[in-house]
Amino acid sequence: SARPEQGDGDRARRAGVALMDLKLSVLDQSPIAEGGSGGQALRNSLELAALADRRGFHRFWMAEHHATPALASASPEVLLAAIGRETKRIRIGTGGVMLPHYSPFKVAESFSMLEALFPGRVDLGLGRAPGADQLTAYALQQDRRQRTAMEFPQQVQELMAYYDRTLPQDHPFRHLAMTLPGGEAKPDIWMLGSSPDSADLAGVLGLPYCIADFIAGEVPQLADRYRATFRPSARARQPQLIVACWVVAAESSERAHWLAGPSRMMFAHLQQGRLIPVPEPAIAADWLARNPVPTPAARRPIVGTAEECRTALEAKAAIYGAEELMLVNILHG
């Protein structure tokens, strides 16, 4: 867990990036604390969303993960219905819906309902990753005669066509676009990713794009690629970019690293094929002292005091040319 490197702040200031000029958002995964429950984790997410709304954050997105004792958000759209009632103005959405698991029409219906309930506030973030291991992805299929082929680009285009009512005249599902429960109400659609494929697809389809820096490490080349391939559309006249990065801030750098310890312990176990709930910081500190875990150079979480995190976030925005940062972490409490 690296602290911001000397010089990052200077580079950000030279680029004219200041945190006060950036939109800040939250990506939550409903972490399940060791000794706690999924229900408590979900209630924690509701409280966090309400706090983010009061504190002026721009968006609050829920992730999708399956078959893990560590994260409770398996159906983010279900939680969004509750979050919408707990908040007043913040945009709410998914980071993301793992579309290969689902029927595009079913997703279109669900988010048509959400947009009808919370007009002008709903984001539909789409991802192609399984959000689980391959066996769990297979279990999520309805038809298990064979593993589903990857048709993500086609699924995205079908989903968009329901909202835009642009399915071909001879398409058997064309009439279904007129039955969406929200009528003409539709969410904002975002492409999520950490690879060149996602950058290209977002650009070609003219969609806003969220880069998972916390997964891929610093990949500003994806932002460049997205802008180079971008085609203006009804959804985005120009490129719109969010960078999602791992951040833990506290009163002191030492305490921030102490709070970040549980996630380091979890990821070390994950690399060994073991899934565990979020351990207490003291337990994680003891385990890490006995089992040093190096952090890959490319994946530098931002951990430190408020000022240290501010400097690193300004630098992160400058590297990508981003106007919005989405903050994510996994904490015990």
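Please refer to the structure higher up on the page.
Residues numbered from 1 in each chain as written. Predicted model: local features only at pLDDT ≥ 70, side-chain atom pairs only at ≥ 80, totals over all residues. Heavy atoms only, no water.

1. Some thoughts on the overall build of the chain
For the chain, the count of helices and strands is 12 helices and 10 strands. Per element, the accessible surface of the chain, about 16100 Å² overall, is 53% carbon and sulfur. (Helix = DSSP H or I, 4+ residues; strand = E, 2+ residues; numbered from the N terminus. Areas by Shrake-Rupley, 256 points an atom, 1.4 Å probe, with all protein chains shown as cover.)

2. Topic: the pairing of strand 5 (residues 122-127)
Where burial is concerned, most of strand 5 is hidden: 6 out of the 6 residues are buried. Covered by surrounding structure in strand 5 are Val122, Leu124 and Leu126 together with Asp123, Gly125 and Gly127, the residues of both alternating faces. Both strand 3 (residues 91-94) and strand 5 contribute to a ladder of 2 bridges, which runs parallel. When the sheet's bridge partners are listed, Ile92 is paired in strand 5 with Val122. By the bridge criterion, 2 bridges tie strand 4 (residues 97-98) to strand 5 in an arrangement that is parallel. Bridge pairing in strand 5 places Met98 opposite Gly127. Each parallel crossover has a hand, and for strand 4 linked through helix 4 (residues 104-117) to strand 5 it is right-handed. In terms of strand pairing, strand 5 meets strand 6 (residues 188-193) through 4 bridges, oriented parallel. Paired with Asp123 across the bridge in strand 6 is Asp188. (Buried < 20%, exposed > 50% of the residue type's maximum accessible area, 1.4 Å probe, protein only. Pairing = 2+ DSSP bridges. Right-handed = clockwise from strand over helix to strand, strands pointing away.)

3. Side note on unusual backbone geometry
Cis geometry marks the peptide bond from Gly95 to Gly96; its omega dihedral reads 5 degrees. Considering the arrangement of structural elements, one finds Gly96 in the loop between strand 3 and strand 4. For Ser30, which is not glycine, the phi dihedral falls at a positive 55 degrees. Mapping Ser30 onto the fold places it in the loop between strand 1 (23-28) and helix 2 (38-55). Phi at Ala67 takes a positive value of approximately 55 degrees, unusual for a residue other than glycine. As for its position among the elements, Ala67 is in the loop between strand 2 (59-62) and helix 3 (76-86).

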